[in-house]
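Topology and contacts: notes
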Amino acid sequence: MRLHNLLLGCGRRVAAVGLVVLASFSLSACTAGPDFVRPDPPASDAYYAGSLVVETARTDNLHGQAQRLQPAESVDGAWWNAFQSPRLAKLIEHALADSPTIDEAFSRVREANALYDAKHRGATLPRLIGQVAGERTNGLPGTVAGGSGPVVNQESASLLGTFRLDLAGRTRRELEALAARADTRYYEALAARRDVAHGILVTAIEQARLVDQLRAENARRGAHDELLYLTMERLRLGHATQADVHAVQRDLRLSEQTVATLEADIEVLGQRLAVLAGREPSSYQGEPFTLQDFQLPETIPLIVPSALVRTRPDILAAEGLLEAATADYGVAVASLYPDITLSASTGAYQLGEGGLFSGTTQGWNLLAQLTAPLLDGELRGMKRVRLAAVDAAAAHYRGTLLSALGEVAESLKQADITAINLTLANDAYKDSVIVVESLRTKQAHGALSRADLLPEYIAFVAIETRVISAMSDRLLATADILRVMTDGEFIPDEIDHLDGPENAGQAYVEPVSEENNSGGNDSRVGAAP
């Protein structure tokens with residue numbers, strides 16, 4: 001108890017003196033190096049030269065409605081709900097909860113925040129170390145045992161406190177760099193979450209395209225099979241040659257190859273969806289997506305470039321790296337200035353009877369230590385290194401900005417051209433329908449054989465496949481626009497759940513009911529006449 005009281009009294013006196021000295025030095029502190037200044041936003045409000053297409057073309061087909069650009073300040077992080085697909089929304093919810101990519105990204109955020117907190121506490125609070133020791137020896141204290149002297153008991157306790165004054169602002173710059181890197185990790189996590197959701201949407205649309213193309217290819221394979229039968233009959237009657245039979249067999253086998261490839265690709269994309277959602281590939285058991293599972297958004301959000309650079313996560317992440325590099329340069333500059341470290345210690349020790357001393361001895365000391373780099377070529381070289389790092393981070397930021405603006409410009413162009421392509425493909429589809437119906441009429445009146453009709457029908461199915469691709473391209477172009485515009489900010493618990501069957505989103509768990517795949521009015525995908 002006596003030893004405790006002695007330490008406590010000495011510690012209070014030392015702490016009081018230390019705080020007074022610390023406050024006097026801290027008030028006169030400065031910060032070395034330049035302060036970070038956010039880069040200016042783009043001066044232009046346009047993404048490309050020329051007039052912007054405000055409304056796209058339209059046609060009377062599934063996903064053929066016109067889309068209109070609508071000015072917006074930001075795009076909600078749950079942007080996939082614009083496609084009004086309960087299955088898609090449910091699948092992405094699984095990914096947000098189970099995706100290892102997202103888990104890793106946000107774990108990095110927690111790591112960066114924890115590192116900043118640890119460094120901040122270490123830099124703003126004194127470091128206090130306590131030590132208690134006890135020794136029993138028959139030699140001199142602190143020597144190797146084995147002497148012939150009397151047995152001596154030694155007990156000691158001490159406290160040591162140190163604090164480095166941040167006169168040149170090195171600590172503050174170090175904390176600025178850590179805070180900027182923590183922000184960068186956060187924006188990288190938002191970008192990862194955005195890209196995972198985009199990957200699921202793109203994969204689902206690609207699977208839907210293949211499913212509808214498989215239906216069309218099966219129809220074409222059936223036409224080739226029928227044509228082969230008719231050609232062999234004509235060969236038997238002497239109206240065709242063996243080469244004619246082989247030509248039809250060739251086309252039939254190519255069609256069968258296409259069917260087999262489509263079936264395999266559909267299954268592979270389903271397995272990829274399970275992996276993107278954070279599940280094993282073997283967990284995919286549900287019905288694949290079709291183009292009728294999606295609704296094309298009628299409005300497309302348009303954020304001007306000056307606002308995009310303040311909301312898009314990858315741009316903000318690059319900005320965080322630039323801020324961190326600027327702070328690192330400040331650290332290098334501050335390292336060229338003197339450092340002052342304050343330390344204070346107090347302690348007490350007691351020797352047993354027969355020692356050099358008797359009773360309890362106590363002591364304390366205060367130390368102010370100044371260190372200055374008088375001749376250190378490495379520190380001055382690090383200043384140039386950090387300055388080059390600032391230039392590299394600035395170039396990286398500008399490259400990220402230009403890539404983002406280029407992605408927006410490309411996606412806007414794609415939204416326009418895919419609408420035009422769908423219109424042209426649908427017009428060609430209608431023309432082909434008229435041709436096939438005309439030939440059917442001739443066949444009904446005996447003016448045309450079935451063998452002469454089938455090649456035109458096969459060409460019609462090829463046009464139908466182009467229509468399917470054009471529809472999926474429109475969905476993909478819209479998905480790209482929403483991806484490049486989104487800020488990635490949302491709370492998963494606040495995602496609006498769309499009305500639908502309870503298991504509608506479990507594409508890798510439960511089959512989808514037929515009613516979910518049925519189309520409404522004006523929603524044909526191209527049906528053979």
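Keep in mind that this is a model prediction, so the values were computed, not measured. The numbering scheme is per chain: residues are counted from 1 as the chain's sequence reads. In view of the model being predicted, local features appear only for residues whose pLDDT reaches at least 70, and side-chain atom pairs are presented and counted only at 80 or more, with totals across whole chains, interfaces and linings using the full set of residues. Side-chain metrics in this entry use all non-hydrogen atoms of the structure; hydrogen atoms and water are not considered.

Each reported salt bridge corresponds to a side-chain nitrogen of Lys or Arg within 4 Å of a carboxyl oxygen of Asp or Glu. Applying the stated rule across the entire model yields 26 salt bridges. Its salt-bridge partner being Arg250, residue Asp251 comes within 3.1 Å of it at the nearest N-O pair. Accessible area is worked out with a 1.4 Å probe on protein chains only. A residue is then buried under 20% of its type maximum, exposed over 50%, and partly exposed in between. Note on Asp251: relative accessible area 29%, which makes it partly exposed. A relative accessible area of 49% means that Arg250 is categorised as partly exposed. Here Arg312 and Glu407 are joined by a salt bridge, their closest N and O atoms 2.4 Å apart. Of this pair, Arg312 sits in the loop between helix 6 (305-308) and helix 7 (313-334) while Glu407 sits in helix 8 (residues 377-444); the two residues are 95 residues apart in sequence, bridging distant segments of the chain. Its relative accessible area of 1% is what places Arg312 among the buried residues. Helix and strand definitions here come from DSSP, where helices need a minimum of 4 consecutive H or I residues and strands a minimum of 2 consecutive E residues; each element is numbered from the N-terminal end.

Now for the confidence of the model for the protein. Confidence scores per residue from the predictor, reported as pLDDT, run from 0 to 100. The predicted model of the protein has a mean per-residue pLDDT of 82, with 82% of residues at 70 or higher. Confidence over residues 1-8 falls short of pLDDT 50; this stretch has 10 contacts with residues more than four positions distant or in other chains. When checking whether two residues touch, look at their non-hydrogen atoms; a contact exists if any pair is within 4.5 Å. In this model, residues 10-29 is a region of pLDDT below 50 whose contacts with residues beyond four sequence positions or in other chains number 19 contacts.

Right, let's get into unusual backbone geometry. In the Ramachandran plot, His63 falls in the positive-phi region, its phi being about 60 degrees despite a non-glycine side chain. For His63, the position within the fold is in the loop between helix 1 (2-27) and strand 1 (68-71). At Gln84, a position not held by glycine, the phi torsion is positive, near 50 degrees. Mapped onto the elements, Gln84 comes out in the loop between strand 1 and helix 2 (86-98).

Attention now goes to the packing of helix 4 (residues 170-236) against helix 5 (residues 242-276). An axis is simply a line fitted to the C-alpha atoms; with a helix, the fit covers only the stretch in contact. Between two such axes, the angle follows the N-to-C directions and lies from 0 to 180 degrees. Relative orientation of the contacting elements helix 4 and helix 5 amounts to 160 degrees, with a least axis distance of 8 Å. With respect to helix 5, the element helix 4 is oriented roughly antiparallel. The handedness of the crossing between helix 4 and helix 5 is left-handed. Side-chain classes are defined by residue name, with Ala, Val, Leu, Ile, Met, Phe, Trp, Tyr, Cys and Pro counting as nonpolar, Asp, Glu, Lys and Arg as charged, and the others, Gly among them, as polar. Residues of the contact of helix 4 with helix 5, tallied by class, amount to 19 nonpolar, 12 polar and 11 charged. Angle categories: roughly parallel below 35 degrees, roughly antiparallel above 145, roughly perpendicular from 65 to 115, and oblique for all the rest. What makes a crossing left-handed is the near helix being turned counterclockwise from the far one by less than a right angle; a clockwise turn instead makes it right-handed.

Let's shift gears to helix 8. For a helix, the expected span equals 1.5 Å multiplied by the residue count minus one. When the terminal C-alpha atoms of helix 8 are compared, their 96 Å separation across 68 residues agrees well with the 100 Å that a helix rising 1.5 Å per residue should span. Note on helix 8: the residue one or two positions beyond its end, Gly446, has a positive phi of about 80 degrees.

Tracing the sequence through the fold places Val408 in helix 8. Residue classification places Val408 among the buried positions, given a relative accessible area of 0%. For the pair Val408 and Ile481, spaced 73 residues apart in sequence, the C-alpha to C-alpha distance is 6.6 Å. When sequence neighbours within four positions are dropped, the list of residues in contact with Val408 reads Tyr47, Leu308, Arg312, Val484 and Met485.

One recurring pattern in soluble globular proteins: nonpolar side chains tend to sit buried together. By nonpolar core we mean a set of buried residues, namely Ala, Val, Leu, Ile, Met, Phe, Trp, Tyr and Cys, connected to one another through side-chain atoms within 4.5 Å. In this structure, Tyr47, Trp80, Phe294 and Met485 are the most contacted members of the largest nonpolar core, which totals 76 residues. Those residues in contact with Tyr47, other than ones at most four positions away along the chain, are Leu302, Ile303, Val304, Pro305, Leu308, Leu405, Val408, Ala409, Leu412 and Met485. Within the second largest apolar cluster, nine residues are counted, among which are Ala32, Ala168, Ala325 and Tyr329.

Turning next to the environment of Met382. With respect to the secondary-structure elements, Met382 resides in helix 8. A sequence separation of 47 residues divides Met382 from Ser335, and the C-alpha atoms of the two residues are 9.5 Å apart.

Patch definition: residues with relative accessible area over 30% and no salt bridge; like charges joined within 9 Å; nonpolar side chains (Val, Leu, Ile, Met, Phe, Trp, Tyr) joined within 5 Å. Accessible surface area values rest on a Shrake-Rupley calculation with a 1.4 Å probe, where residue burial reflects the displayed protein chains alone. Judged by side-chain polarity, Ile417, Ile420 and Leu424 come together as a nonpolar surface patch covering roughly 240 Å² of accessible area. Structurally, Ile417 is set in helix 8. Since its relative accessible area comes to 36%, Ile417 is described here as partly exposed.

Within the secondary structure layout, Gln213 lies in helix 4. Residue Gln213 is classed as buried on the basis of its relative accessible area of 9%. For this analysis, a polar contact is any N or O atom pair within 3.5 Å, provided that within protein one partner can donate a hydrogen and the other can accept it, and provided that sequence-adjacent residues contribute only side-chain to side-chain pairs. A distance of 2.7 Å separates the side chain of Gln213 from the side chain of Ser469, its partner in a polar contact.

For the rest of this paragraph, the subject is the packing of aromatic side chains. What counts as a ring pair is set by centres within 6.5 Å for rings of Phe, Tyr and Trp (its six-membered ring), and what kind of pair is set by the plane angle: stacked under 30 degrees, edge-to-face over 60, tilted for all other angles. According to the stated counting rule, one finds five aromatic pairs in the structure shown. By the ring-pair criterion, three or more aromatic residues cluster together here, those being Tyr429, Tyr457 and Phe460. Above the plane of the ring of Tyr48 lies Lys413, whose end atom (NZ or CZ) is 4.4 Å from the centre. Distance and angle both matter: a charge sits over a ring if NZ of Lys or CZ of Arg is within 6 Å of the ring centre and within 35 degrees of the ring normal.

Turning to the packing of helix 4 against helix 9 (residues 450-485), a few remarks are in order. Put simply, helix 4 and helix 9 touch, their axes get as near as 9 Å, and they point 180 degrees apart. Overall, the two elements helix 4 and helix 9 adopt an arrangement that is roughly antiparallel. Partitioning the contact of helix 4 with helix 9 into residue classes produces 19 nonpolar, six polar and 13 charged.

A word on the side chain of Asp328. Tracing the backbone shows Asp328 in helix 7. Sequence-distant contacts of Asp328, that is, excluding residues within four places in its chain, are made with Ala177, Arg181 and Arg386.

With respect to the secondary-structure elements, Thr418 resides in helix 8. Here the alpha-carbon distance between Thr418 and Ala470, two residues 52 residues apart in the chain, equals 6.5 Å. If we skip the residues at most four places from it in the chain, Thr418 touches Asp473, Arg474 and Ala477. Only 3.2 Å separates the side chain of Thr418 from the backbone oxygen of Ala415, close enough to count as a polar contact.

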